[in-house]
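# Residue-level structure breakdown
If you want the building blocks of each chain, they are given just below.
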Amino acid sequence: MKHIVIVGGGFAGLQAAKILGKYKNTFKVTLLDKNNHHLFQPLLYQVATAGLSQSDIAVPIRSILSKFRNISVLQGTATDIDFENNRLITDYKNIDFDYLILACGVKHSYFGNSDWEKFAPGLKTLEQAMEIRRRILSAFEKAEREQNLSKRKKYQTFVVVGGGPTGVELAGSIGEMTRYALVKDFRSIDPKLTRIILIEAGERILSSFNPNQSSRATRDLEKLGVQVWTSSPVSTIDDTGIMVDNERIETETVLWAAGISATELNNRLGVDLNRHGQIIVQDDLSIKNHNNIFVAGDQACFCGKDGNPLPCLSPVAIQQGTNIAKNIVRENKKLSRKKFKYRNKGAMATIGKSKAIADFGFLKFQGFTAWFLWLFVHIYFITGFNNRFFIFIKWCTSYITNKKGARIILNNSWRFFDKKTD
Ligand SMILES: Cc1cc2nc3c(=O)[nH]c(=O)nc-3n(C[C@H](O)[C@H](O)[C@H](O)COP(=O)(O)OP(=O)(O)OC[C@H]3O[C@@H](n4cnc5c(N)ncnc54)[C@H](O)[C@@H]3O)c2cc1C
């Protein structure tokens, strides 16, 4: 029986596992992940801004795969590969494989300034989302008890770096929070006077959408009180503020949503990497000279029809996980592998309640229609019936009441900084 090892229980790894799990007499599968849960990253910003709880968007990988008797799930970190002996090196044991699927995702890039991370946490993991939530809510608590007006202003200033979908969602959600959810809860401060700045180095936000749609998103953000600064590269960040070009913004809350860089593992493998450190794969998603080792999802660099690398999106990861699993099945039946072809089904970004943009090629939507589609797609794709049901109820409630239910501050920052985020 062939042994397939999958590293990473994100969108790509999980998808491959679900397909291979159907061949219980042909394959034995081991899925290794450093966390015990699959995380629905597209809704992380909702946890960071107190709209949802951690368990709404994370499900134990073990429980998702429990019906597949040929799949074992292990919690551990892959640290290297012994290519000669087809052996995966992990932090607690070595695992031999016939096929290996790497699907480890990416982390944020601070463009060579890794010391900025402690001042400006990124949003990739549940720990980071909880840390961002703690910083946002604590800033309002500090402002409420502060008498000095310039300090109060500093606490009520939030800067989000990166005008991609994550930055837009975060900034929009903070805007909504200040305008609706928090508005009646404070006595000394007016949450509506909070300054929220979204900073983008490029000429416009949401650059993967067409210019009309990114202008619409800018206008929607401005309605929520978000200032959008484009062509504004960050030069430094410290614990009391951020320098953008030559302007200093005093704030204790800077949030990072820019750039990607691959995990440490890639650097150790001695394989071809692109400038972000993603592994350059062949047309069947295998690594050059190692045709039994595949890479899927964000960790892979695969160029689309236009010659550019495919974006880091969940449909790319899911389709690649499918392609790899099906090719392994084909090979086992002595059939040749199929090349990977990405089918782009469109892109969406949400800005706030009833505010979103959606681009399905010839069909483009904005406003309520786009937001409703966004809602439907996210409910549909979230793993597990319980999550779907509870998220739907929570969204309906918060839509009607404008409340954010998960506004609890946990003082756990020591854990965030102790833990390496790679
Ligand atoms: C805040 C945010 C919002 C997003 N919004 C959208 C959106 O609206 N639409 C969209 O399509 N996409 C969105 N994305 C992108 C999408 O989530 C990713 O493209 C997708 O998660 C990639 O899937 P993956 O399987 O490659 O990696 P991931 O989902 O990142 O999974 C990687 C897994 O590998 C594990 N892992 C990492 N290193 C190791 C190791 N060394 N050993 C063992 N395990 C390891 C991790 O714990 C993780 O479980 C968003 C991403 C973020 C962060």
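Reading guide: rules and limits
- Residues numbered from 1 in each chain as written.
- Predicted model: local features only at pLDDT ≥ 70, side-chain atom pairs only at ≥ 80, totals over all residues.
- Heavy atoms only, no water.
- Domains from an automatic or database assignment.
- Contact = heavy atoms within 4.5 Å.
- Buried area = accessible area lost by both parts, 1.4 Å probe.
- Salt bridge = Lys/Arg side-chain N within 4 Å of Asp/Glu carboxyl O.
- Polar contact = N/O pair within 3.5 Å; in protein donor to acceptor, adjacent residues only side chain to side chain.
- Nonpolar A, V, L, I, M, F, W, Y, C, P; charged D, E, K, R; others polar.
- Buried < 20%, exposed > 50% of the residue type's maximum accessible area, 1.4 Å probe, protein only.
- Helix = DSSP H or I, 4+ residues; strand = E, 2+ residues; numbered from the N terminus.
- Pairing = 2+ DSSP bridges.
- Right-handed = clockwise from strand over helix to strand, strands pointing away.
- 1 Å grid on protein atoms, 1.4 Å probe; cavity = no way out; pocket = protein on both sides within 12 Å on 5 of 7 lines; lining within 4 Å.
- Points joined across faces, edges and corners; volume = space filled by probe spheres on them.

### Digging into the domain arrangement of the chain
Domain annotation for the chain reports domain 1 (2-34 + 76-108 + 260-332) and domain 2 (114-258 + 346-418). With centres defined by C-alpha atoms, the gap from domain 1 to domain 2 works out at 32 Å. Across the contact, 5 residues belong to domain 1 and 6 residues belong to domain 2. When the two sides are added together, the surface that domain 1 and domain 2 hide from each other amounts to roughly 510 Å², 64% of it contributed by carbon and sulfur. The largest contributions to the domain 1 side of the interface with domain 2 come from Val-106, His-108 and Ile-260, which together make up 68% of the buried area. Taken together, the links from domain 1 to domain 2 amount to 0 salt bridges. Between domain 1 and domain 2 we count 1 residue pair in polar contact (both at pLDDT 80 or more) in total. Of the residues that constitute the side of domain 1 that touches domain 2, the class distribution is 2 nonpolar, 1 polar and 2 charged.

### Considerations on the pairing of strand 1 (residues 2-7)
Successive residues of a regular strand alternate their side chains across the two faces of the sheet. Burial runs high along strand 1: 5 of the 6 residues are buried. Note that strand 1 and strand 2 (residues 27-33) share 6 bridges and pair parallel. Bridging from a neighbouring strand, Ile-6 pairs with Leu-31 of strand 2. A crossover connection joins strand 1 to the parallel strand 2 through helix 1 (residues 11-20); in handedness this β-α-β unit is right-handed.

### Side note on the layout of surface pockets
The space that makes up the second largest pocket amounts to roughly 420 Å³. In terms of lining, the second largest pocket is formed by 27 residues, of which the most central are Gln-46, Glu-176, Lys-353, Trp-371 and Ser-398. Taken together, the elements giving at least two residues each to the lining of the second largest pocket come down to helix 2 (44-48), helix 6 (165-181), strand 23 (347-352), helix 10 (367-381) and helix 11 (385-401).

### Thoughts on the side chain of Asp-56
Looking at the secondary structure, you find Asp-56 in the loop between helix 2 and strand 4 (58-60). For Asp-56, the side chain forms a polar contact with the main-chain nitrogen of Ser-53, separated by 2.8 Å.

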